[in-house]
Amino acid sequence: MFNFIQAVEEQFDEAATSLALEPALAHKIKVCNSSYTVKFGVRLRGTLHTFEGYRAVHSDHIEPVKGGIRYAPDVDREEVEALATLMSLKCALVDIPFGGSKGGLKIDNAQWSVAEREQITRRFAAELIRRNLLSPLQNVPAPDVGTGPLEMAWMADQYRRTHAADINAPGCVTGKPLTHGGIEGRTEATGLGVHFAVQAFLHSEEARELGFPASVAGMTIAVQGFGNVGSHLARFASRDGARIVAVSDRDGCIANPDGLDIAALTSHMKATGGLSGFNGGSFNADRDAVLATPCDILVPAAHEGVITADNVEHVEARLVVEAANGPVTPEAERRLEERGIPIIPDIFANSGGVVVSYFEWAKNLSRMSFGRLERRREQILFNTLLGEMESQSSCKLTPSFRERVNEGPTERQLVESGLEDTIATTFERITSLRRQSLINSACERLAICWPSSRLQSITKQWVCDRIRVSPESISRNLLTESAEVCGCLSELAVVFR
């Protein structure tokens, strides 16, 4: 059985080893600072029902801590702690001033009406508020699996009732409806962030070396999980020319090698609650069949531990993108790497949600919508510029072009721009660090296999200058040295190219 917390800790240990962290320090960073379990009662349908909820704080080195709350019948404390750990790493990776946290409530949403879920959610929120585990300056929840803007609105209202004088109350949760202090673009942010992450990879030198095109146009994509993340990713990818050839959800998998109509499929899902009965593709009751779909990009976007050592050999994709948290087990990850299939990891790929949550939180605390100060000024500036262009040339601008330029950026446009920039700059930083890591590794190996007397007679800068030539040139100039030395220098030359 898949152990999520064990998988996260195994991956953390591997990373800590490569960084040469002191073991005691690495252990302190790895474990959760605190984990809270609450069992509370709610009287419904004439009897008292007991619910179990969790809120874990992995790291409060920066406050507030941030992380979603999921509603699921099988959620447990260890899962929440694993997700909180990933949240700390994710916030650090994308340079957002939050620590990592996560929450969960054992509940099957299908068994309760909307009114009953509101009572349950408000009661859970009250327990969290009492212990400062729901607070705009200490712990800020957000939607996750099984929750959405409605649950966030209930929680925010419960906090406001409890802390009526708190001017920052709207920032106690993110992912709220627009009418309750939300932000344009938050609902689709995680899916759009995955799309931007794929674009960043396709624009990289590594992607070119592996033979990937520069954009998703014409590529085939299979999406495992057609919830909030998977459906929005599919929409953005198909908009940019990709073919979504397979999609899975709770009731099975739908496939069409010519590409699914994502808008029609989304409407069908909203109307029926499942994929079955959609006439735009062939239906398979085995929802895991999507993992074996031949495609360019496979996107597991549902839950953890779906690609394992047992099924990884059936994966026929050229690229795996972890839109869910921990969907590829460590052993499966190693197998994919051995087969030369790159993976875009979850803490980068699905970071769009927390990035836009940060924008929403900042908006709530400033109590000012994005673009309010500068939009009118930009309209005046652009209108003046366009008028000068027309007066200095015979070119007459069309009214539609002038209107598009004059309208100024909307909140949604600013949010999407900020998200794309965050994803792009994060990928550049990852690429730079990975390149430096490869250089350091090869230099260490070089120091081990090259005689120390020979090493002492040169400088590291000489090596760096020398490896800027081609690997073939290095080999010719070092025929008297061992093959292992030549191999190390050749590796360095490839990195520097």
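Provided above is the structure to which this section pertains.
This report concerns the structure included in the present document. (Residues numbered from 1 in each chain as written. Predicted model: local features only at pLDDT ≥ 70, side-chain atom pairs only at ≥ 80, totals over all residues. Heavy atoms only, no water.)

Moving on, we get to the packing of helix α6 (residues 189-202) against helix α8 (residues 228-239). Where α6 contacts α8, the axes come no closer than 7 Å and their chain directions differ by 45 degrees. One way to sum up the angle between α6 and α8 is to call them oblique. For the element pair α6 and α8, the recorded crossing hand is right-handed. Only Val229, His232, Leu233, Phe236, Ala237 and Arg239 of α8 make contact with α6, whose side of the interface consists of Thr190, Gly191, Leu192, Val194 and His195. (Axes fitted to C-alpha atoms, helices over the stretch in contact; angles between N-to-C directions. Helix = DSSP H or I, 4+ residues; strand = E, 2+ residues; numbered from the N terminus. Parallel < 35°, antiparallel > 145°, perpendicular 65-115°, else oblique. Left-handed = near helix turned anticlockwise from the far one by under 90°. Contact = heavy atoms within 4.5 Å.)

Turning our attention to the sheet that holds strand β8 (residues 252-255). By definition, the strands of a sheet pair up through backbone hydrogen bonds, in either a parallel or an antiparallel sense. Taken together, seven strands build an open sheet; the order of strands is β9-β8-β7-β6-β10-β11-β12 and the sheet is mixed. In this open sheet, the two edge strands, each paired with only one partner strand, are β9 (282-284) and β12 (343-344). Inspection of the sheet shows strand β11 (residues 317-321) paired to β12 by two bridges, in the parallel sense. Its bridge partner lying in β12, Val320 is registered against Ile343. Sheet contacts for α8: β6 (220-224), β7 (243-249) and β10 (295-300); angle to β7, the most-contacted strand, approximately 175 degrees. (Pairing = 2+ DSSP bridges.)

Going through the model one piece at a time under the given rule, you end up with 11 aromatic pairs. For the ring pair Phe348 and Phe427, a centre distance of 5.8 Å and an interplane angle of 40 degrees mean the geometry is tilted. Residue Phe348 is found in helix α11 (residues 346-349), and its partner Phe427 is found in helix α15 (residues 411-449); the two are separated by 79 residues along the sequence. Take Phe348 and Phe427: they sit in the same class, and that class is buried. Between Phe359 and Phe370 the ring centres are 6.4 Å apart and the planes differ by 90 degrees, which places this aromatic pair in the edge-to-face class. Note that Phe359 is positioned in helix α12 (residues 352-366) and Phe370 in the loop between α12 and α13 (375-391), a separation of 11 residues in sequence. Here the aromatic cluster, defined as three or more aromatic residues joined through ring pairs, consists of Phe98, Tyr358, Phe359, Trp361 and Phe370. (Phe/Tyr/Trp six-rings, centres within 6.5 Å; stacked < 30°, edge-to-face > 60°. Buried < 20%, exposed > 50% of the residue type's maximum accessible area, 1.4 Å probe, protein only.)

So, about the nonpolar core. Ranked by internal contacts, the top residues of the largest apolar core, which has 56 residues, are Val247, Val321 and Ile344. For Val321, the residues in contact, after removing those within four places along its chain, are Val194, Val198, Ile297, Leu298, Val299, Pro300, Ile344 and Ala349. With 27 residues, the next largest nonpolar core counts Val65, Ile107, Met155 and Ala169 among its residues. (Core = buried A, V, L, I, M, F, W, Y, C linked by side-chain atoms within 4.5 Å.)

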